[in-house]
Amino acid sequence: MFFSDLRNDQIRQMIDVEQVFSGYRVARGQLDARFAGSMSWKTVAGRTYLYRKLRGANRSLGPKSPETERIYESFQSGRTRQRDLVRGLADRLDEMSPVNRALGIGRIPMVGARLLRQLDGSGLLGRAIHVVGTHALYAYERMAGVRIDSGLVATGDVDLLLDARRKLKIAAPGLSNEGLLGLLRKADNSFTLMGRRSFRAVNRDGFMVDLIKPLSRNPFADVGHSCLGGDDDLHAVEIDGLSWLVNSPKDRVVVIDDRGYPLEMSVPDPRAFALHKAWLATREDREPAKRQRDEAQAKLVAGMVAERLPNRRFDADDLSALPVRIRRAAASLLPEMTNTEKVGSDALDPKW
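This one's a predicted model, so the numbers in the text were calculated from it and none came from an experiment.

Novice: I'd like a rundown of helix H10 (residues 288-308), residues and numbers included.
Specialist: Over its 21 residues, H10 extends 30 Å from the first C-alpha to the last, a length consistent with the 30 Å expected when each residue adds 1.5 Å. Looking only at H10, the buried set comprises Asp-294, Gln-297, Ala-298, Leu-300, Val-301, Ala-302, Gly-303, Met-304 and Val-305. Packed against the buried residues of H10 are strand S1 (3-5), helix H4 (136-144), strand S6 (146-148), helix H5 (150-153), helix H9 (270-280) and helix H12 (330-333).

See below:
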């Protein structure tokens, strides 16, 4: 197997980071939702009114009275407390980051991590976009509590799976016309499209981002669902087999970037990933080097699932979106086991 156990100190630190990060996300979300904008008094025609300013618009909450004074005091004191809480949790994450680096649990390349934070902040991650390809291995190793050998996770690109079934304006109503490219440039302003209406963008260091989506059964049904922005944005390329990943269960996993800071990643179920990679490895139209890597990653993730996530069976009903012939490939990914053991077991003998 191409993975090794995390040490106890690494596991303990990961758990601590996840708890602090969870608290930070909740506290920051409450600050942004409940205490956004500002509240102030304004005198109009000799009378004083309480105004709430939100997203550039002012709205009167009524004339000055004991009730509006309580509203004002509650807002100001509540925002101060919430900001102090968020600031304290942010400081704690800053303190933990060098420890995370020293323990070797920071894994995600920085540019990829910054992009995923932008996607998460926009509301797209886990709703209209999921991480697939080699970058997803960082999430799977965290789910299994292991560390994958660097040769199988080293990559200079990230694949983003677009769920074209989602109404993109509903998923991210505040998304600008620059779309995904605009978010990429917030992470690294050197990102540029590799051609007009391209599915790929690249930065000055050669890091590439690909936007992909399933092959459409009805090409006329997906008009307007291939990009997140205007004509100058990335346009998703259709690829056969991705519908299995779109329709599979998804996992949101906390991972840590190579600077030691946590972030969330949304990925397809590791079983679906392994079966999809196994299918890719059989494609004769795929480059031999990629087929070899696909097979290695398929066996790696299937082995991690069998050994560390045994409750996730390859014959479970939640994988029914995958064709039976694809699900049967699980048997070939785990050659050291009998068929009954691989797909969740009626075996009468111990696993001598």
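Once the structure has been displayed, the description carries forward.
Novice: Please give an account of the packing of aromatic side chains that cites residues and values.
Specialist: Evaluation of the coordinates by the stated rule reveals four aromatic pairs. Centroid distance Phe-35 to Phe-75: 5.8 Å. Interplanar angle 55°. Geometry classified as tilted. Of this pair, Phe-35 sits in the loop between helix H1 (8-34) and strand S2 (38-44) while Phe-75 sits in helix H2 (residues 66-103); the two residues are 40 residues apart in sequence, bridging distant segments of the chain. Look at Trp-41 and Tyr-72: their rings are 5.5 Å apart centre to centre, the planes differ by 45°, and that puts the pair in the tilted class. Here the residue Trp-41 occupies a position in strand S2, and Tyr-72 occupies one in helix H2, the gap between them amounting to 31 residues. Under the relative-accessibility criterion, Trp-41 is labelled partly exposed at 27%. Here Lys-64 stacks its cationic end above the ring of Trp-41, 5.2 Å away from the centre of that ring.

Novice: Explain the sheet that holds S2 residue by residue, including any values.
Specialist: Pairing is antiparallel across the open sheet formed by three strands, whose spatial order is S2-S3-S4. On the outer flanks of this sheet lie S2 and strand S4 (57-63), each paired with one strand and no other. Neighbour to neighbour, the strand axes of the sheet diverge by 35° on average, direction disregarded. When S2 meets strand S3 (residues 47-54), the two strands line up antiparallel, connected through seven bridges. Bridged to Trp-41 within S3 is Leu-50.

Analysis parameters
Sequence order sets the numbering: in each chain, residues are counted from 1 along the sequence as written. Two thresholds apply to this predicted model, a pLDDT of at least 70 for residue-level local features and 80 or more for giving and counting side-chain atom pairs, whereas whole-chain, interface and lining totals are computed over all residues. Side-chain calculation: all heavy atoms of the structure are included, whereas hydrogens and water are not. In this text, helices come from DSSP runs of H or I with a minimum length of four residues, and strands from runs of E with a minimum of two, each type numbered from the N-terminal end. Given the number of residues in a helix, its expected span is that number minus one, multiplied by 1.5 Å. Throughout this description, buried means an accessible area under 20% of the type-specific maximum (1.4 Å probe, protein chains only), exposed means over 50%, and partly exposed covers the range between. It only takes one pair of heavy atoms within 4.5 Å for two residues to be counted as in contact. Note on aromatic pairs: the rings of Phe, Tyr and Trp (six-membered ring only in Trp) are paired at centre separations within 6.5 Å, and the planes decide the class, stacked below 30 degrees, edge-to-face beyond 60, tilted for the rest. Counted as over-ring charges are cases with an Arg CZ or a Lys NZ within 6 Å of the ring centre that also lie within 35 degrees of the ring normal. Criterion used throughout: strands pair if DSSP finds at least two bridges between them. Axis definition: a line fitted to C-alpha atoms, limited for helices to the stretch in contact. Angles are taken between N-to-C directions and run from 0 to 180 degrees.

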